[in-house]
Amino acid sequence: MQLSTVRPVPVTFPDSALPDVPVDAELRFDASLPYAACLAFPLTPCRCTGDGAQVCWYFSRELLNEGRHEPVGRGDVKVRPGPEGEVLITLQGPTGNAAVLSAPGEAVTAFLSESFALVPAGSESDHLDVDAAVARLLADD
């Protein structure tokens, strides 16, 4: 049984000096984290990061879903509808710097459809493994 989905999504940074240059990203959902969506950015391999390095932002799947239709969110992640069917996601780092990125609305909608097929809205708590979550929190990394 499929437990996760990954959807490549090109994002742009409309407030940047190069607003039309797409950056490869992925929207990810894993049924073991049923309330969360992940927006992942692969990093270019180098000596300091190695292969497979990435930056991941985790936020509420429901926030992403609702943000397609109206502005939502407080704190580090905000989502709102953008022009021409885009979805605008604002990510704010710990230093207070923020970046607005634009994702194609159809890619976001397709990702959400796939994630809700895996874990329907309202059934998230049925997919939580509290023991595994506690073990991850207590694990020595």
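Further up the page is the structure itself.
Quick look at the structure, then.

With that settled, the discussion passes to helix 2 (residues 105–118). In a regular helix each residue adds 1.5 Å, so 14 residues correspond to 20 Å; helix 2 covers 20 Å between its end C-alpha atoms and thus fits that length. Packed against the buried residues of helix 2 are strand 1 (4–11), strand 2 (23–30), strand 3 (36–42), helix 1 (61–67), strand 6 (86–92) and strand 7 (98–104).

A cluster of nonpolar residues, V130, V134, L137 and L138, forms a patch on the protein surface that exposes about 440 Å² of accessible area. Secondary-structure assignment places L138 in helix 3 (residues 130–138). By relative accessible area, L138 is classed as exposed at 64%.

Nonpolar side chains tend to gather and get buried jointly when the protein is soluble and globular. Counting 27 residues, the largest nonpolar core has V9, L39, L64, V79 and I89 as its most contacted members. Looking at this core, the elements that each hand over two or more residues are strand 1, strand 2, strand 3, helix 1, strand 5 (77–81), strand 6, strand 7 and helix 2. A per-element tally of this core places helix 2 first, with 6 residues. Excluding residues within four positions of it along the chain, L64 makes contact with L27, A37, F59, V79, I89, V108, F111 and L112.

One can find R61 in helix 1. On the basis of relative accessibility, which here comes to 1%, the residue R61 falls in the buried class. Polar contacts involving the side chain of R61 include one to the main-chain carbonyl oxygen of V119, which spans 2.9 Å.

If you walk through the whole model with that rule in mind, you get 2 salt bridges. Measuring nitrogen to oxygen at the nearest pair gives 2.4 Å for the salt bridge that ties R7 to E114. Of this pair, R7 sits in strand 1 while E114 sits in helix 2, placing them 107 residues apart in sequence. For R7, a relative accessible area of 25% gives the class partly exposed. Residue R28 is joined to E26 by a salt bridge in which the shortest nitrogen-to-oxygen separation is 2.7 Å. Given a relative accessible area of 23%, R28 falls into the partly exposed group. Judged by relative accessible area, E26 falls into the partly exposed class, the value being 25%.

Here we come to the sheet that holds strand 2. With antiparallel pairing, 4 strands are arranged side by side in an open sheet as 1-2-3-4. The open sheet terminates on both sides in strands that have one partner only, identified here as strand 1 and strand 4 (54–60). Each neighbouring strand pair of the sheet contributes to a mean axis angle of 25°, computed without reference to strand direction. As paired elements, strand 1 and strand 2 share 8 bridges and run antiparallel to each other. By the bridge assignment for strand 2, V9 is matched with A25. Strands in contact with helix 2 are strand 1, strand 2 and strand 3; relative to strand 1, the strand with the most contacts, it is inclined by about 170°.

What counts, and where the lines are drawn
- Residues numbered from 1 in each chain as written.
- Predicted model: local features only at pLDDT ≥ 70, side-chain atom pairs only at ≥ 80, totals over all residues.
- Heavy atoms only, no water.
- Helix = DSSP H or I, 4+ residues; strand = E, 2+ residues; numbered from the N terminus.
- Expected span 1.5 Å × (residues − 1).
- Contact = heavy atoms within 4.5 Å.
- Patch = residues over 30% accessible without salt bridge, like charges linked within 9 Å, V, L, I, M, F, W, Y side chains within 5 Å.
- Areas by Shrake-Rupley, 256 points an atom, 1.4 Å probe, with all protein chains shown as cover.
- Salt bridge = Lys/Arg side-chain N within 4 Å of Asp/Glu carboxyl O.
- Buried < 20%, exposed > 50% of the residue type's maximum accessible area, 1.4 Å probe, protein only.
- Core = buried A, V, L, I, M, F, W, Y, C linked by side-chain atoms within 4.5 Å.
- Polar contact = N/O pair within 3.5 Å; in protein donor to acceptor, adjacent residues only side chain to side chain.
- Pairing = 2+ DSSP bridges.
- Axes fitted to C-alpha atoms, helices over the stretch in contact; angles between N-to-C directions.

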